[in-house]
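Examination of the molecular architecture
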Amino acid sequence: MAGWSTQQGQALALAFDNIDTDQLIPARFMSVPRSEGYGRYLLHDMRRDDNEQLSADFPLNRHEGISILVAGHNFGSGSSREAAVYALVDAGIRAVIAPSFGDIFANNAINNGLLPARVDAEKVAQLQQALKDAPYLASIDLTENRLTLGDITASFELDEGWRVKLINGWDDIDLTQQHTQAINAHRDNRNKAAPWAWPNKPD
């Protein structure tokens, strides 16, 4: 997974609240191998009409090359399926801007290089208004916790550990491995201090 500290791309308003993980990728598609890509299933049912045809009214169906979504409250709520994040990433989305996120979704997003940027609801509404007619080029700076879209600037909250993961392209295992030396030292010290607590080693 490639890390990043700045991102520039087309932003699109997806002005719906409570988009959950089952909407992001319906469960029936999760048996498909990840190697085939999940991007084509992103918001599958929301993007289609009763005849399974792409709806011209849905924002993502009208525009291509989108990498930043400006969504509503409670984005990524629902089940813990990581495939919801896979669908976004495989569709080229690098950041989602919203007033709030499902906690598990946000953690999964970070581990897959996707930024869940929590922005004040009033500022999100301002961004969505600016994007109501068409996508617009936006930039994100992780070092400043800042999104810029035209003359609008929005700050977002980001845990320091999450920032480190995104910039370096790390997941939880990669982050843990950065402390290998300290972990080994602690293990050796405990082994010396309490050898009775360790299993007997084979000769």
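Residues numbered from 1 in each chain as written. Predicted model: local features only at pLDDT ≥ 70, side-chain atom pairs only at ≥ 80, totals over all residues. Heavy atoms only, no water.

1. Regarding the pattern of salt bridges
What counts here: When a carboxyl oxygen of Asp or Glu lies within 4 Å of a side-chain nitrogen of Lys or Arg, that pair is called a salt bridge. Only protein chains enter the accessibility calculation, which uses a 1.4 Å probe. A residue is then buried if its area is under 20% of the maximum for its type, exposed if over 50%, and partly exposed in between.
A complete count under the given rule lists 9 salt bridges for this structure. Among the ionic pairs, Glu36 bridges to Arg40, the shortest N-O distance being 3.3 Å. For Arg40, a relative accessible area of 49% corresponds to the partly exposed category.

2. Focus on helix H5 (residues 121–130)
Residues separated by three or four positions in an α-helix point in the same direction, a consequence of the helix having 3.6 residues per turn. Test applied: Under the DSSP-based scheme used, a helix requires at least four consecutive residues in state H or I and a strand at least two consecutive residues in state E, with every element numbered from the N terminus. Arc, as used here, means the arc of the directions from the helix axis to the C-beta atoms. Residues are treated as being in contact if the distance between any of their heavy atoms lies within 4.5 Å. Pairing of N or O atoms within 3.5 Å defines a polar contact, subject to two protein rules: one partner must be a possible hydrogen donor and the other a possible acceptor, and residues neighboring in sequence count only if both atoms are side-chain atoms.
Turning to H5, its buried residues are Val124, Leu127 and Gln128. Taken end-on, H5 shows its buried residues confined to a sector of 100°, consistent with a single buried face. Next to the buried residues of H5 lie strand S1 (6–14), strand S2 (66–71), strand S3 (95–98), strand S6 (146–149) and strand S7 (152–155). Capping the start of H5 is the job of one residue whose side-chain oxygen sits 3.0 Å from the backbone nitrogen of Glu122: Asp120.

3. Details of the nonpolar core
Note the following rule: To form a nonpolar core, buried Ala, Val, Leu, Ile, Met, Phe, Trp, Tyr and Cys residues must be joined to one another through side-chain atoms within 4.5 Å.
Leu24, Leu69, Phe75, Leu88 and Phe105 are the most contacted members of the largest nonpolar core, which has 31 residues in total. Among the elements of the structure, S1, S2, helix H3 (83–90), S3 and helix H4 (103–111) are those that each provide at least two residues to this core. Element by element, the count of residues in this core is highest for H3, at 6 residues. Not counting residues up to four positions away in its chain, the partners in contact with Leu69 are Leu12, Leu14, Leu60, Leu88, Ile93, Ala95, Val96 and Ile97. Judged by nonpolar contacts, the second largest core, of 24 residues, contains Trp4, Val119, Leu142 and Leu149.

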